[in-house]
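Residue-level listing of the chains:
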Amino acid sequence: MQIQYSERIRTLPPYLFAAIDQMKREALSKGADLIDLSIGDPDIPTPSHIVEAMKKAVEKPEHHRYPSYEGMFSFRKAVSDWYKTRFNVELDPEKEVLSLIGSKEGIGHIPLAFVDPGDVVLVPNPGYPVYPVGTKFAGGIPYFMPLKEEKGFLPDLDIIPEDVCKKAKLMFINYPNNPTAAVADENFYKKVVEFAKKYNIIVCHDAAYSEVYYEEKPLSFMQTEGAREVGIEFHSLSKTYNMTGWRIGFAVGNKDILSGLGKVKTNLDSGVFQAIQEASIVALQTDDSFLKGIRDIFKERRDILYEGLKAVGFDVKKPMATFYLWVKVPRGTNSIDFVAKLLKEAEVLCTPGVGFGEYGEGYIRFALTQSKERIKEAVERIRRLKL
């Protein structure tokens, strides 16, 4: 029997983080003392009070059956309460909150609800690879919006051609941003709302990193007047509470957009395991003073890596949010070759910027997902290379 992949699979580029995993495996198989700063998977354990809540919840027989697609009302209520506390945004938990099996699930599926073959989706570049992949799975055409340093890594909506705007059905934005660590202000979000209304474009804001901040709290897109008329916001417990493996997130905002996403969910996947939802209620009710301790750990790591790379001679800006540093590669090289050099000669693994899109070329991304001691060691190894 001859197995042949579909056209949509054959035309996909290799998934960035799968390729990095392969590089990692090869280095480890050769006995490398690898310092992995490549993938944004927090090394800090899930807080113990959330784990204890999960232990109790998993024993309840009512959680052993199929969960609802939209999520337990108690979980959606906890999300709406959190939005009220954190952003002063009122949400109807019945119609304006939808549970997700991690925000990636919702991001990947949202084009299936609103994009027909040939429709355009506006996608930030560099950006999370799922934005263009989900678009292509739906038969849509990604139009890449360059994120350039001179524009604060914000897309310039004014330079998008008129014919593209008229064909666009969705627009993805993501702040605090992965991979650039940029943050967006109120004026940008206001411009996004105006743009979306003018061209009837659904806005999908990926806010997964809103709680990983240092000097100033990032805004929610939902705080912007008119945002709920044009879009939704994706969120996840993964980064905020170090729960990447738990696979739980949510989307909030426009009830009709959420309803469309919900229809895709009911046909393609299931709801979130209810015990995880119950434990996530406890997570969402965690006092921010506790979360500050987690942010302080990342802040200390940020400062060590930033100061270290700057001293070595790298062109790098100190991030105000996320646990990433977006760093220019030395002149005369490209991001893939430089990542390979660091891996081979320093046994330090980071992510090539071009893996996030063509406009990521010339940069590499470091993740603050190792202890401060290992980050100091990584800096020392890179310093010895005399780049």
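The rules behind these values
- Throughout this document, residue positions are counted from 1 along each chain, in the order its sequence is written.
- In keeping with the model being predicted, local features are shown solely for residues with a pLDDT of at least 70 and side-chain atom pairs are shown and tallied solely at 80 or more, while totals for entire chains, interfaces and linings include all residues.
- Water and hydrogen atoms were dropped before computing side-chain values, which therefore reflect all heavy atoms in the structure.
- Axis angles are defined between N-to-C directions and span 0 to 180 degrees, where every axis is a line fitted to C-alpha atoms and, for a helix, only to the segment in contact.
- We count a stretch as a helix when DSSP gives it H or I for four or more residues in a row; a strand needs E for two or more, and each element gets its number in order from the N terminus.
- Here a crossing is called left-handed whenever its near helix is offset anticlockwise from the far helix by less than a right angle, and right-handed whenever the offset is clockwise.
- The contact definition used throughout considers only heavy atoms, calling two residues in contact when any of these lie within 4.5 Å.
- When residues are sorted by character, Ala, Val, Leu, Ile, Met, Phe, Trp, Tyr, Cys and Pro go into the nonpolar class, Asp, Glu, Lys and Arg into the charged class, and all the rest, Gly among them, into the polar class.
- Salt bridge, as applied in this entry: a Lys or Arg side-chain nitrogen positioned within 4 Å of an Asp or Glu carboxyl oxygen.
- UniProt positions are given in the numbering used here, feature names are shortened, and annotations may be inferred rather than shown by experiment.
- Whether a set of points on the 1 Å grid over the protein atoms alone is a cavity depends on a 1.4 Å probe fitting there but being unable to get out, while an open set qualifies as a pocket with protein on both sides within 12 Å along at least five of seven lines; lining residues are those with an atom within 4 Å of a point.
- Grid points are joined across faces, edges and corners, and a volume is the space filled by probe spheres set on the points.
- Relative accessibility under 20% of the residue-type maximum defines a buried residue, over 50% an exposed one, and the middle range a partly exposed one, all with a 1.4 Å probe and only protein chains included.
- Between any two strands, pairing holds if DSSP finds at least two bridges.
- Look down the strands so they point away from you; if going from the first strand over the helix to the second traces a clockwise path, that crossover is right-handed.
- For patch building, the residue pool is restricted to those with more than 30% relative accessible area and no salt bridge; the joining distance is 9 Å between like charges and 5 Å between nonpolar side chains (Val, Leu, Ile, Met, Phe, Trp, Tyr).
- The method behind every accessible area is Shrake-Rupley, applied with a 1.4 Å probe, and residues are considered shielded solely by the protein chains displayed.

### Quick look at the packing of helix α5 (residues 103-114) against helix α6 (residues 130-137)
- The N-to-C vectors of α5 and α6 enclose an angle of 35 degrees; their axes lie 7 Å apart at closest approach. Both α5 and α6 take part in a crossing whose hand is right-handed. From α5, K104, I107, G108, P111 and L112 reach across to α6, where they touch V130, Y131, G134, T135 and F137.
- Of the residues in the contact of α5 with α6, the class split is 6 nonpolar, 3 polar and 1 charged.

### Looking at the pattern of salt bridges
- The tally for this structure, following the rule as stated, stands at 34 salt bridges.
- Here E7 ties to R10 by a salt bridge, and the two come within 2.5 Å at their closest N and O atoms. With E7 and R10 both in helix α1 (residues 7-10), this residue pair falls 3 residues apart, about one helical turn.
- We note a salt bridge from R228 to E96, for which the minimum N-O separation is 3.0 Å.

### So, the UniProt feature "domain: Aminotransferase class I/classII large" (unreviewed entry) in the protein
- Here, UniProt's "domain: Aminotransferase class I/classII large" (unreviewed entry) annotation points to residues 33-382.
- When the span residues 33-382 is considered, its composition is 41% helix and 16% strand, and the gap between its end C-alpha atoms is 14 Å.

### Details of the layout of surface pockets
- Approximately 670 Å³ is the volume found for the largest pocket.
- Listing elements by their share of the lining of the largest pocket, those giving two or more residues are α2 (16-29), α5, β3 (120-125), α6 and α13 (335-346).
- Class assignment for the residues of the lining of the largest pocket results in 23 nonpolar, 6 polar and 3 charged.
- The computed volume of the second largest pocket comes to approximately 470 Å³.

### Topic: the pairing of strand β5 (residues 168-174)
- Burial runs high along β5: 6 of the 7 residues are buried.
- Two strands pair when backbone bridges link them, and β3 and β5 are joined in this way by 3 bridges, in the parallel orientation. Across the sheet, residue V120 finds its bridge partner in β5, namely A168.
- Note: β5 against strand β6 (residues 202-206), 5 bridges, orientation parallel. Opposite N174, over in β6, you have D206 as the bridge partner.
- Taken together, β5, helix α8 (residues 186-199) and β6 form a β-α-β motif whose crossover is right-handed.

### Observations regarding the sheet that holds strand β9 (residues 324-328)
- Here 3 strands make up an open sheet; going across it, the order is β9-β12-β11 and the pairing antiparallel. Edge positions in the sheet fall to β9 and β11 (351-352), since each has one partner strand and no second.
- Pairing of β11 with strand β12 (residues 363-367) involves 2 bridges; the strand directions are antiparallel. Residue pairing across strands places T351 opposite R365, the latter belonging to β12.
- Packing against the sheet, helix α12 (residues 288-312) makes contact with β9 and β12, and its axis sits at approximately 10 degrees to β9.

### Things to note about a nonpolar patch on the surface
- On the surface, a cluster of nonpolar side chains totalling about 310 Å² of accessible area is made up of Y5, I9 and F137.
- As for its position among the elements, I9 is in helix α1.
- Residue classification places I9 among the partly exposed positions, given a relative accessible area of 39%.

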